[in-house]
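# Fold and geometry: a report
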Amino acid sequence: MNLKSKNPFLGSKAFNNTSRTVEDATVISYEETMTVSGAMNKSFILLATLLFSAIGTWLLAYNGYNPMLFAIGGGIVGFVLVLIASFKPETSTWVAPGYALFEGLFIGGISAFFEAAYPGIVIQAVSCTFVTFIICFALYKYQIVKVTEKFKSIVIAATFAIATYYLLSWILSFFINFEPVHRGNSLMSIGISVFVILIASLNLFLDFDQIEKGAERNYPKYMEWFSAMGLMITLVWLYIEFLRLLAKLSSRD
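Residues numbered from 1 in each chain as written. Predicted model: local features only at pLDDT ≥ 70, side-chain atom pairs only at ≥ 80, totals over all residues. Heavy atoms only, no water.

Turning to the side chain of Ser189, a few remarks are in order. Along the chain, Ser189 falls in helix H7 (residues 187–216). Residue classification places Ser189 among the buried positions, given a relative accessible area of 0%. Here the side chain of Ser189 touches Lys248 through a polar contact of 2.8 Å, side chain to side chain. (Helix = DSSP H or I, 4+ residues; strand = E, 2+ residues; numbered from the N terminus. Buried < 20%, exposed > 50% of the residue type's maximum accessible area, 1.4 Å probe, protein only. Polar contact = N/O pair within 3.5 Å; in protein donor to acceptor, adjacent residues only side chain to side chain.)

Right, here's the structure in full:
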């Protein structure tokens, strides 16, 4: 079966290429292969690193530094590290922690910006992201939601549609003067944010499934870092979308 996740990161060719590598190997010990517990432990390490970096950035912003400088710098470096890991997943052992560190700068800067505009919004977004993760994990663990090929196809298509829409809106903004429907605080804009959050949440199921399937197929140990990094990307996406939705709702008050 062809493994694909949509997280776009975990859906790269790295998993398929790794699968062929493992199948061609003769003997692989348990200590050298991916495990679910190993991937989850590394996810917690990356999350702790991201939070440490984000809190540090938040404190710097509180002391007068421009938070957007950290957000822009961290976002650019984080994106580059994602590209490196996508093309060379064997580098994930050092790229993944680096991604968490720089993405923390991005999250901290963005969070400080939103908090200044809408006090209390950050703790709300964090809570919403955490609760969503727990619910999705429980639904997957107890097989209430099963990741079938049809389920994957729908989530993949929706994710690509969202990415394409955002990309086109961003490109067009350089050439023509228009206001995309996802901006502002209209009911249409709020509805789009809710839809995007739903799709981001569904990506968590695909990430969980990818980790489980990777362990079953005895992928190399470095794929634990690769998988954990993919899960962090989804959580960052989900958190940012919650921030945007809550900001839209707050601006309507």
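On to the layout of surface pockets, then. Counted as a void, the largest pocket has a volume near 1,700 Å³. As for the largest pocket, its lining consists of 36 residues, of which Phe79, Phe106, Tyr166, Trp237 and Ile240 are closest to the centre. Elements that contribute at least two residues to the lining of the largest pocket include exactly helix H3 (67–87), helix H4 (92–117), helix H6 (149–172) and helix H8 (223–251). Considering every element that reaches the lining of the largest pocket, the biggest residue donor is H3, with 10 residues. Taken together, 23 residues make up the lining of the second largest pocket; nearest its centre are Leu47, Leu50, Leu51, Val126 and Thr129. Secondary structure elements with two or more residues in the lining of the second largest pocket: helix H2 (36–62), H4, helix H5 (121–141) and H8. The class makeup of the residues in the lining of the second largest pocket is 19 nonpolar, 4 polar and no charged. (1 Å grid on protein atoms, 1.4 Å probe; cavity = no way out; pocket = protein on both sides within 12 Å on 5 of 7 lines; lining within 4 Å. Points joined across faces, edges and corners; volume = space filled by probe spheres on them. Nonpolar A, V, L, I, M, F, W, Y, C, P; charged D, E, K, R; others polar.)

Below, the discussion takes up the packing of H3 against H4. Following both chains from N to C, one finds H3 and H4 inclined at 155 degrees, their axes separated by 7 Å at the closest point. Between H3 and H4, the angle is such that the two are roughly antiparallel. The two elements H3 and H4 cross, and the hand of that crossing is left-handed. Contacts between H3 and H4 pair Pro67, Met68, Phe70, Ala71, Gly74, Gly75, Val77, Gly78, Leu81, Val82, Ile84 and Ala85 from the former with Ser92, Val95, Gly98, Tyr99, Phe102, Glu103, Leu105, Phe106, Gly109, Ile110, Ala112 and Phe113 from the latter. Tallied by class, residues from the contact of H3 with H4 come to 17 nonpolar, 6 polar and 1 charged. (Axes fitted to C-alpha atoms, helices over the stretch in contact; angles between N-to-C directions. Parallel < 35°, antiparallel > 145°, perpendicular 65-115°, else oblique. Left-handed = near helix turned anticlockwise from the far one by under 90°. Contact = heavy atoms within 4.5 Å.)

Overall, the prediction assigns the protein chain a mean pLDDT of 86, with 86% of residues at 70 or greater. Mean pLDDT in the protein chain bottoms out at helix H1 (residues 14–24), which sits at 48, and peaks at H5, which reaches 96. In the predicted structure, residues 1–6 sits below a pLDDT of 50 and forms 24 contacts with residues beyond four places in sequence or in another chain. Low pLDDT, under 50, characterises residues 19–29; the stretch is placed with 9 contacts to residues that sit more than four places away or in other chains. (pLDDT = per-residue confidence, 0-100.)

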